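Residue-level structural notes
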Amino acid sequence: MNINPTRFLSDLHALRQFGASGVCKGVVRPAYSEADIAARAWLAGKFEEAGLRVHYDPMGSLFGLSDAPRSLLLGSHSDSQPEGGWLDGALGVIAALEVARAAKESGGPAVSVVSFQDEEGRFGVTTGSTVWSGELTLEEADKLTDRTGTTLAEARGAMASQVGDFVDPKQFTGFIEMHIEQGPWLDQAGEAVGVVTDIVGIRDMRITFEGEQNHAGTTPMHLRKDAFQALGAFNALIGERFKNVATPQTVWTIGHVKLHPDAHSIVPGRATFSMQWRDGDADRLGRMEEIIRNAASEIADAQGFELSFGPMLGLEPVAMSAGLRSALEASAEEHAAGRWRKMPSGALHDATNVARYLPVAMLFVPSINGISHAFEEDTDEADLVTGLEVLAGAVARL
Ligand code: HGY
Ligand code: MN
Ligand code: MN
């Protein structure tokens, strides 16, 4: 199979023009935004040129389907974080396109391609592939809201004229997702490729403390019910209690905070914030949930706040398929001898959901300085091409 690195890099750069932030190579292409829908239309054209049949499922996940009765599925996602890099997701989709094209040109194996919708979780956690996998019904998903209160049902209405049915997974023999590492390890070691062993699990929900809105000049400190102070106390308390359960792999993040009414001279009456935690061990995720719920209740009770929890979203830790992994390992040994390693993924990926239907595997290329989910995200082009070679080599072996 003769892959074409120039064509691959040129397509990758073309995709980053959709929603280009103007800062570094960054993109602003959240799910269902104008830029996201336009990027999907451009990708659909590329899939068609490559001889693949274009199909959008009800979530707006875009498939380029091989006409063979059985094919290997490759891909990732093309939506981005609110401030995202040019490679997160896009790399796996364009690498898949190049391998599908090269396979077709050389009479190689049948390959289909996918770009899942809302991997970055504007509404959930890897929402498009979660719904495809049957883990969440479309009806339930439609009620999810983004940070501004827009529902998924409203947002996906923008793609209503394009979508068809869900794609039957029985036509696929397996799924391989190429991605950037998004962490520091390959870059620090000067290595070119990581073959993923397993993907961590995640829990994610919103928490609200409701206190009392009041004047910031006249309300004495001891009479305030300041919702931000409750959030601050909660954050300190879980940090303390997590020391007893966390391992070096355990992470937690409060990444979004909404204070009401969000003004300099008003004691905030309400704080709604995201609470997300990740670990490779499902039991530990459960123990952390208990700590979170207890800490929030204790603070609310002691200080007289109303407390509410939003729906909890989550994905379980998942191991990669031994068969697909060994094809990637053999290919890595051929194309990057002495410059690859086996490693877990601390980021979430659509592969977790696809694993409900199919054997799945993933490969990583380095992220310069370990930066991702930021405009500065980047990877040396030589490493991008090595990763593509490893992917194509694995597909050829399968
Ligand atoms: O948040 C994540 O791990 C992923 O990038 N969706
Ligand atoms: Mn991604
Ligand atoms: Mn991401």
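Quick caveat: nothing in here was measured; it's all calculated off a predicted structure. The numbers attached to residues start from 1 for each chain and follow its sequence in the written order. Ligands are numbered from 1 and chains lettered from A, in the order in which they are written. Only residues with pLDDT of 70 or above have their local features reported here, since the model is predicted, and side-chain atom pairs are shown and tallied only from 80 upward, although totals for entire chains, interfaces and linings are computed over all residues. Derived side-chain values reflect all non-hydrogen atoms in the structure, with water molecules and hydrogen atoms excluded from consideration.

**Examining the site of ligand 1**
In the neighbourhood of ligand 1, the contacting residues comprise Glu119, Glu120, Arg278, Ala347, Leu348 and His373. Here a polar contact is taken to be a pair of N or O atoms separated by no more than 3.5 Å, where protein atoms must pair a possible hydrogen donor with a possible acceptor and residues adjacent in sequence count only if both atoms sit in side chains. Measuring from a nitrogen atom of ligand 1, one finds a side-chain N or O atom of Glu120 at 3.1 Å. In this structure, an oxygen atom belonging to ligand 1 sits 2.8 Å away from a main-chain N or O atom of Leu348. Computed by Shrake-Rupley with a 1.4 Å probe, the accessible areas treat only the displayed protein chains as cover when residues are assessed. The protein chains hide 90% of the 210 Å² of surface that ligand 1 would expose on its own. Taken together, the residues of the shell around ligand 1 break down into two nonpolar, one polar and three charged. Whether a residue is near a molecule or strand depends on its heavy atoms: if one lies within 4 Å, it is near. For this scheme, ten residues count as nonpolar: Ala, Val, Leu, Ile, Met, Phe, Trp, Tyr, Cys and Pro. Four count as charged, namely Asp, Glu, Lys and Arg, and the remainder, Gly too, count as polar.

**Considerations on unusual backbone geometry**
Here His260 and Pro261 are connected by a cis peptide whose omega angle stands at 5°. Mapped onto the secondary structure, Pro261 falls in the loop between strand 10 (257-260) and strand 11 (266-267). Here the phi dihedral of Tyr32 falls at roughly 70°; this positive angle occurs in a residue that is not glycine. Strands here mean DSSP runs of E at least two residues long; helices mean DSSP runs of H or I at least four residues long; both are numbered from the N terminus. Position of Tyr32 relative to the elements: it lies in the loop between helix 1 (5-15) and helix 2 (34-49). A relative accessible area of 6% places Tyr32 in the buried class. To sort residues, take the accessible area from a 1.4 Å probe on protein chains only and compare it with the maximum for the residue type: under 20% means buried, over 50% means exposed, and anything in between is partly exposed.

**A word on the coordination of the manganese ion (ligand 3)**
Metal coordination here is assigned from N, O and S atoms located within 2.8 Å of the ion, or within 3.2 Å for Na, K and Ca; omission of water means that sites may look incomplete. Around the manganese ion (ligand 3), the protein contributes the donor atoms Asp88 (OD), Glu120 (OE), Glu120 (OE) and His373 (NE2), which lie 2.0 to 2.4 Å from the metal centre. For the manganese ion (ligand 3), all donor residues lie on one chain, and their spacing in sequence is D-x31-E-x252-H. Between the two metal centres, the manganese ion (ligand 3) and the manganese ion (ligand 2), the spacing is 3.6 Å, with Asp88 acting as a shared donor. Of this pair, Asp88 sits in the loop between strand 3 (71-77) and helix 3 (90-105) while His373 sits in the loop between strand 17 (360-365) and helix 12 (381-397), placing them 285 residues apart in sequence. Exposure remark for Asp88: the relative accessible area of 5% places this residue in the buried category.

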